[in-house]
Amino acid sequence: MCRLLGIVSRDRSGFRRCLREAPRSLHALGREHHDGWGIAVHEAAAGWTVTKRPTGAGDDPSFEATVAEASGSLLVAHVRKRTVGSISQENTHPFRRDNWVFAHNGTLERVADLRATLDAASLATVRGETDSEVLFAFLLARLSSHPSVVRSRFVAGMVLARAVEDLSNIPSLGAATFLLSDGDALYAYCRGRPLFLLERRTDSRTEAILIASEQVTPDEPWTAISEGTFLVVWRRPRLGWSVMCEPPSSRAPRSPQSVRPVAGDTPPLATIRRTP
């Protein structure tokens, strides 16, 4: 398995604690997941900066240098333990196409089914050998079929939610947990590999929202995201998140509630919808 980390901050910030200092930081996890690391940071003026290497994060001095310089409002980071594809730059996450960045955790068993849905132009964007890049191409093909996506976060979210529902209808697809971002919003899907969510707050204000494969810090109230959940984290007009698609077994109507687990608890997040 690989490990994912996504952070959306209210203001521009550094990410050193989760990337380097925390007990389950990507640096620490890189000792086991040593087949590549990648850090994508988005800053409003400069856009995406993506740095990645087909080496272990714990043994690579360039990881330390990248962490020291990483500063922005949105982060997508990944450490790889390969299953499909060789250890190479082309197969190292996150992948970037235009303003979209993508990272995946898991192995797809039905990748040929996804390839069959793609036209020649979409297939040509797959530069490496991984099933992950095919999944990325599948999502981008859905987005490109709706030109209004570039003008509307709502449309993008609905198109991706429909794509995720179609993925859920492929039997024995395999593990398809991913993070996807255009720099304005962060989308997360939990299927086959775990994800956890944390709202980092000061007083009554949310300062950052984190999504990770593990509870990176031991002293904060992480919440387990239920299998089959697709959610979005947005920065504007105010930092918040919402569930876009739920597991079929969890779709009975419920009253919205806030998630405020005590430290150490990780109740599943499925039908809860959070608004800013």
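This report concerns the structure included in the present document. What you see is a predicted model; the values in this text were computed from it and never measured.

1. Looking at empty space enclosed by the protein
And then number 1: For the coordinates displayed, the defined rule picks out two cavities of 30 Å³ or more.
And then number 2: Considering only enclosed or pocket space, the largest cavity measures out at about 110 Å³ in volume.
And then number 3: Among the elements of the structure, β6 (100–105) and α6 (131–144) are those that each provide at least two residues to the lining of the largest cavity.
And then number 4: Tallied by class, residues from the lining of the largest cavity come to three nonpolar, eight polar and five charged.
And then number 5: Each pocket or cavity is described by its volume, and for the second largest cavity that value is around 30 Å³.
And then number 6: R3, L4, L5, L26, L29, A212, S213, E214 and V216 together form the lining of the second largest cavity.
And then number 7: Elements represented by at least two residues in the lining of the second largest cavity include exactly β1 (3–14) and α2 (26–29).
And then number 8: Residue contributions to the lining of the second largest cavity peak at three residues, all from β1.
And then number 9: Here the lining of the second largest cavity is composed, by residue class, of six nonpolar, one polar and two charged.

2. With respect to helix α3 (residues 61–69)
And then number 1: Of all the residues in α3, the buried ones are F63, T66 and V67. The buried residues of α3 occupy an angular sector of 100° when projected down its axis, which confines them to one face. Projecting away from the buried face of α3 at angles above 90 degrees are the exposed residues P61, A68 and E69.
And then number 2: As for α3, its buried residues are in contact with α1 (16–21), α2, β2 (37–43) and β3 (47–53).

3. Section: the sheet that holds strand β8 (residues 185–189)
By definition, the strands of a sheet pair up through backbone hydrogen bonds, in either a parallel or an antiparallel sense.
And then number 1: Sheet architecture is open: six strands sit in the order β5-β6-β7-β8-β12-β13, paired in antiparallel fashion. The open sheet has two edge strands, β5 (95–97) and β13 (240–245), and neither has a second partner. Taken pair by pair, the neighbouring strands of this sheet meet at an average axis angle of 20°, ignoring direction.
And then number 2: Sheet topology note: the β6/strand β7 (residues 177–181) ladder contains five bridges and is antiparallel. Looking across to β7, one finds that A103 is bridged to L179.
And then number 3: Sheet strands touched by α6: β5, β6 and β7. Its angle to β6, the strand with the most contacts, is close to 135°.
And then number 4: Together, β7, β8, β12 (230–234) and β13 form the strand contacts of helix α7 (residues 153–168), whose direction differs from that of β8 by roughly 15°.

4. Observations concerning the side chain of D184
And then number 1: Here D184 shows up in the loop between β7 and β8.
And then number 2: By relative accessible area, D184 is classed as buried at 17%.
And then number 3: Engagement of the side chain of D184 in a polar contact is seen with the side chain of R236, the distance being 2.8 Å.
And then number 4: With sequence-adjacent residues up to four places away left out, D184 is seen in contact with L74, R153, W234, R235 and R236.

5. Details of unusual backbone geometry
And then number 1: Put simply, H93 and P94 share a cis peptide bond, and its omega is -5°.
And then number 2: With respect to the helices and strands, the residue P94 is situated in the loop between β4 (71–79) and β5.
And then number 3: R236 connects to P237 through a cis peptide bond whose omega is 0°.
And then number 4: Along the chain, the position of P237 falls in the loop between β12 and β13.
And then number 5: Phi at S172 is positive, roughly 55°, even though this residue is not glycine.

6. Observations concerning the pairing of β13
And then number 1: Most of β13 sits out of view: five of its six residues are buried.
And then number 2: Here β12 pairs with β13 via five bridges, running antiparallel. Each residue of the ladder has a partner; that of L231, found in β13, is V243.
And then number 3: Here β12 folds back onto β13, and the loop between the two strands holds five residues.

7. A few points about the nonpolar core
And then number 1: L135, F178, L180, Y187 and F230 are the most contacted members of the largest nonpolar core, which totals 35 residues.
And then number 2: For this core, the secondary structure elements donating two or more residues are β6, α6, α7, β7, β8 and β12.
And then number 3: Contact partners of L135, with chain neighbours within four places excluded, come to F102, H104, L108, L114, L167, A176 and F178.
And then number 4: If you look at the next biggest cluster of nonpolar residues, it comprises 26 residues, including C18, V41, L198 and A212.

8. Describing the packing of aromatic side chains
And then number 1: Applying the stated criterion across every chain, the model contains seven aromatic pairs.
And then number 2: Between W37 and F63 the ring centres are 5.1 Å apart and the planes differ by 90°, which places this aromatic pair in the edge-to-face class. Linking W37 in strand β2 with F63 in helix α3, this pair joins segments that are 26 residues apart in sequence.
And then number 3: By relative accessible area, which is 0% here, W37 ends up buried.
And then number 4: Residue F63 is classed as buried on the basis of its relative accessible area of 1%.
And then number 5: With a centroid separation of 4.9 Å and 5° between ring planes, the pair formed by F102 and F136 is classed as stacked. In this pair, F102 sits in strand β6 while F136 sits in helix α6, placing the two residues 34 residues apart along the sequence.
And then number 6: By relative accessible area, F102 is classed as buried at 0%.
And then number 7: Linked through ring pairs, W100, F102, F136, F178, Y187, Y189 and F230 together constitute an aromatic cluster.

About the cut-offs
Residues numbered from 1 in each chain as written. Predicted model: local features only at pLDDT ≥ 70, side-chain atom pairs only at ≥ 80, totals over all residues. Heavy atoms only, no water. 1 Å grid on protein atoms, 1.4 Å probe; cavity = no way out; pocket = protein on both sides within 12 Å on 5 of 7 lines; lining within 4 Å. Points joined across faces, edges and corners; volume = space filled by probe spheres on them. Helix = DSSP H or I, 4+ residues; strand = E, 2+ residues; numbered from the N terminus. Nonpolar A, V, L, I, M, F, W, Y, C, P; charged D, E, K, R; others polar. Buried < 20%, exposed > 50% of the residue type's maximum accessible area, 1.4 Å probe, protein only. Arc of directions from axis to C-beta. Contact = heavy atoms within 4.5 Å. Pairing = 2+ DSSP bridges. Axes fitted to C-alpha atoms, helices over the stretch in contact; angles between N-to-C directions. Polar contact = N/O pair within 3.5 Å; in protein donor to acceptor, adjacent residues only side chain to side chain. Core = buried A, V, L, I, M, F, W, Y, C linked by side-chain atoms within 4.5 Å. Phe/Tyr/Trp six-rings, centres within 6.5 Å; stacked < 30°, edge-to-face > 60°.

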